[in-house]
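Residue-level structural notes
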Amino acid sequence: MVLVGLNLRPALSSLAPLLVRIQTTTGLSALAIGALTTLPVLCLGLFAPLAPWLSKRLGAERTLGLALGMLAVGLVLRGLPPNPLLFIGTLLVGASIGVAGTLLPALVKREIPGGADLMTGVYTMALCLGGALGAGLSIPLAEWLGSWRLGLISWAVLAVAAMIAWQRCMPRRQAPPPSSGGGSMRDLLGQPLAWQVMLLMGTQSSIAYIIFGWLPTLLQLRGYSDAQAGWLMSASVMVQLLSALGAPWLARLSRDQRPALLMVLGCVACGLWLLLLGPENWRWAGVVLLGLGQGGSFSLTLSLIVLRTATSRLAGKLSGLTQGGGYTLAAMGPLAVGLLLQFEASLPVLTAVLLAITATAAGLALLAGRNLRLDIDEHGELITR
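Every value quoted in this text rests on a predicted model; they were computed, and no experiment measured them.

Examining the overall build of the protein chain
Within the protein chain one finds 18 helices and 2 strands. Radius of gyration (C-alpha) of the protein chain: 20 Å, near the 21 Å computed for a compact globule of 385 residues. Viewed in the frame of its principal axes, the protein chain has a C-alpha envelope of about 60 × 40 × 30 Å. Scored against the burial criterion, the 385 residues of the protein chain give a buried share of 56%. Considering only contacts in the protein chain between residues 6 or more positions apart, those separated by 24 or more positions represent 82%. Accessible area for the protein chain stands at about 14,900 Å²; split by element, carbon and sulfur atoms hold 69% of it. Charge centroids of the protein chain, computed over 24 positive and 13 negative side chains, lie 5 Å from each other.

Structure, rendered in structure tokens:
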């Protein structure tokens, strides 16, 4: 599970530091580059709801192995010369990550029910490490291999390694557990708690994918070189390792996750302001605060999927809804920033948009962070208690 988590971000974060080179080499417009950053996040949302359906027919273990194989194929296609393959490969990458990321919370809930929230923190830490490696090594790999295309393709090696390891070490289930009835997607859509978790995932993920897709570009607008911008983003993602692992422990101090969520989202807001508008000599404080906030908010939001459900089956359903709807909403963030850059919006305007999204996430955290849980009652009906 940890090795799988390590593969769920390099495909996204490795692209951002190379956007200027890709645009120069391919001749793509700023709007097309914006679509390139939006496409994988949109695919996360569109394909996440397929994960429970595929899991029911193929088994969660085989579906996850298939997603890793598709990820490797997409990473290779993304680096091949014709421009359309750049978009096709990116689509496959987003689809495979959407399926794999949706399956992990349900598998954790099933295999480690007593420590599902802490295990979520562990694989989220691996996920953040993968994002840091993607951001930090993207430019060096492109320089070492002599081409940004080969640099992008090289990440397929990590995906193949995870696929082989998963096939050898994955849990073996002879048959899926019997269904207890209730908890359909329609039932979930009737529960305000499910909407609150989904919208929180969407808003905090929107910030995350704007940062993955555009932070290096925004930092370059402020005067940093592409290598400096890549390393600043990489350092921020590295800091996420600490809060991704520590946030679930912090949340365990109380049954109510609202204080922890508000604290990490406050760190995100402060970090963004310091990096984009604050004094330049405070940039490393901004890097640390942004990393602590992002790692903590993502880990806590994923933990809510297992904390707000009573069974692994409900966790799988809520994961599909939360990540499907949430990532579809999150995809609008990178697209909006691309449009704003196309119309030459100033850095203060862009910063204000990011802070507004963060404030919206904080409002949703006040609802989703309450000590409530989705369960099936004695009549087989889905309820919130």
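There is more to say, and it comes next.
Here we look at the environment of A132
Relative to the helices and strands, A132 resides in helix α8 (residues 116–145). Taking relative accessible area as the criterion, A132 reaches 1% and is therefore assigned buried. Considering only alpha carbons, one finds A132 and R9, 123 residues apart in sequence, at a separation of 8.4 Å. Among residues more than four places away in sequence, those in contact with A132 are S234, V237 and M238.

Brief notes about the packing of aromatic side chains
Applying the stated rule across the entire model yields 1 aromatic pair. Where Y209 meets Y327, the ring centres are 5.8 Å apart and the plane angle is 75°; that geometry is what we call edge-to-face. Of this pair, Y209 sits in helix α12 (residues 192–221) while Y327 sits in helix α16 (residues 312–330), placing them 118 residues apart in sequence. Here the two residues Y209 and Y327 agree in accessibility, since each one is buried.

Let's talk about the nonpolar core
A general trend in soluble globular proteins is that nonpolar side chains are found buried together. With 84 residues, the main nonpolar core has L64, L75, I97, W166, Y209 and L219 as its most contacted residues. Counting residues per element, this core draws most heavily on α12, which supplies 10 residues. Not counting chain neighbours up to four residues away, the residues in contact with L75 comprise A11, V93, L152, I153, W155, A156 and A159. Core analysis: the second largest hydrophobic core is formed by 25 residues, A194, A247, A251 and L382 among them.

Details of the layout of surface pockets
Volume-wise, the second largest pocket comes out at about 330 Å³. When contributions to the lining of the second largest pocket are tallied by element, the ones reaching two or more residues are α8 and α15 (283–307). Here the residues of the lining of the second largest pocket sort into 6 nonpolar, 5 polar and 7 charged.

As for the side chain of T203
Its location among the elements puts T203 in helix α12. A distance of 3.2 Å separates a polar side-chain atom of T203 from the backbone oxygen of L200. Apart from residues lying up to four places away in sequence, T203 is in contact with L329, I357, T360, A361 and L364.

Regarding the pattern of salt bridges
Counted by the stated rule, this structure contains 4 salt bridges. Between E143 and R21 there is a salt bridge whose closest N-O contact spans 2.7 Å. Placement of E143 in helix α8 and of R21 in helix α3 (residues 19–26) is noted, with a sequence separation of 122 residues between them. With a relative accessible area of 24%, R21 lands in the partly exposed category. Salt-bridge contacts for D256 lead to R258; the nearest nitrogen and oxygen are separated by 2.5 Å.

Remarks on a nonpolar patch on the surface
On the surface, a cluster of nonpolar side chains totalling about 420 Å² of accessible area is made up of L189, W195, L199, L329 and M332. Turning to its location among the elements, L199 is positioned in helix α12.

Some remarks on the packing of helix α4 (residues 30–47) against helix α7 (residues 83–111)
At a minimum axis separation of 7 Å, α4 and α7 run at an interaxial angle of 30°. Taken together, α4 and α7 sit at an angle that is classed as roughly parallel. Crossing of α4 over α7 shows right-handed handedness. Of the residues in α7, those touching α4 at A32, L36, L39, P40, C43, L44 and F47 are L86, F87, T90, L91, G94, A95, I97, G98 and V99. Classifying every residue of the contact of α4 with α7 by side-chain character gives 13 nonpolar, 3 polar and no charged.

Quick word on the side chain of E61
Structurally, the position occupied by E61 is in helix α6 (residues 60–78). A polar contact of 2.6 Å, which involves the side chain of E61, links it to the side chain of R110.

A short note on unusual backbone geometry
A positive phi angle, near 60°, is found at E344, a position not held by glycine. Among the structural elements, E344 can be located in the loop between α17 (332–342) and α18 (347–368). Since its relative accessible area comes to 70%, E344 is described here as exposed.

Observations regarding the environment of D377
Within the element layout of this structure, D377 appears in the loop between β1 (374–376) and β2 (382–384). Through-space distance from the C-alpha of D377 to that of G246 is 33 Å; in sequence the pair is 131 residues apart.

Considerations on the packing of α12 against α18
Between two packed helices, both the angle of their axes relative to each other and the distance between the axes serve to describe the pair. Direction vectors running N to C along α12 and α18 enclose 155°, while the axes themselves pass 9 Å from each other. Overall, the two elements α12 and α18 adopt an arrangement that is roughly antiparallel. For the pair α12 and α18, the sense of crossing is left-handed. Contacts from L193, Q196, V197, L199, L200, T203, Q204, S206, I207, I210 and L218 of α12 reach α18 at L347, L350, L354, I357, T358, T360, A361, L364, A365, L367 and A368. Here the residues of the contact of α12 with α18 sort into 16 nonpolar, 6 polar and no charged.

Criteria and thresholds
- Residues numbered from 1 in each chain as written.
- Predicted model: local features only at pLDDT ≥ 70, side-chain atom pairs only at ≥ 80, totals over all residues.
- Heavy atoms only, no water.
- Helix = DSSP H or I, 4+ residues; strand = E, 2+ residues; numbered from the N terminus.
- Rg over C-alpha atoms; globule rule 2.2 N^0.38 Å.
- Buried < 20%, exposed > 50% of the residue type's maximum accessible area, 1.4 Å probe, protein only.
- Contact = heavy atoms within 4.5 Å.
- Areas by Shrake-Rupley, 256 points an atom, 1.4 Å probe, with all protein chains shown as cover.
- Lys, Arg positive; Asp, Glu negative; His and termini not counted.
- Charge placed at Lys NZ, Arg CZ, Asp CG, Glu CD.
- Phe/Tyr/Trp six-rings, centres within 6.5 Å; stacked < 30°, edge-to-face > 60°.
- Core = buried A, V, L, I, M, F, W, Y, C linked by side-chain atoms within 4.5 Å.
- 1 Å grid on protein atoms, 1.4 Å probe; cavity = no way out; pocket = protein on both sides within 12 Å on 5 of 7 lines; lining within 4 Å.
- Points joined across faces, edges and corners; volume = space filled by probe spheres on them.
- Nonpolar A, V, L, I, M, F, W, Y, C, P; charged D, E, K, R; others polar.
- Polar contact = N/O pair within 3.5 Å; in protein donor to acceptor, adjacent residues only side chain to side chain.
- Salt bridge = Lys/Arg side-chain N within 4 Å of Asp/Glu carboxyl O.
- Patch = residues over 30% accessible without salt bridge, like charges linked within 9 Å, V, L, I, M, F, W, Y side chains within 5 Å.
- Axes fitted to C-alpha atoms, helices over the stretch in contact; angles between N-to-C directions.
- Parallel < 35°, antiparallel > 145°, perpendicular 65-115°, else oblique.
- Left-handed = near helix turned anticlockwise from the far one by under 90°.

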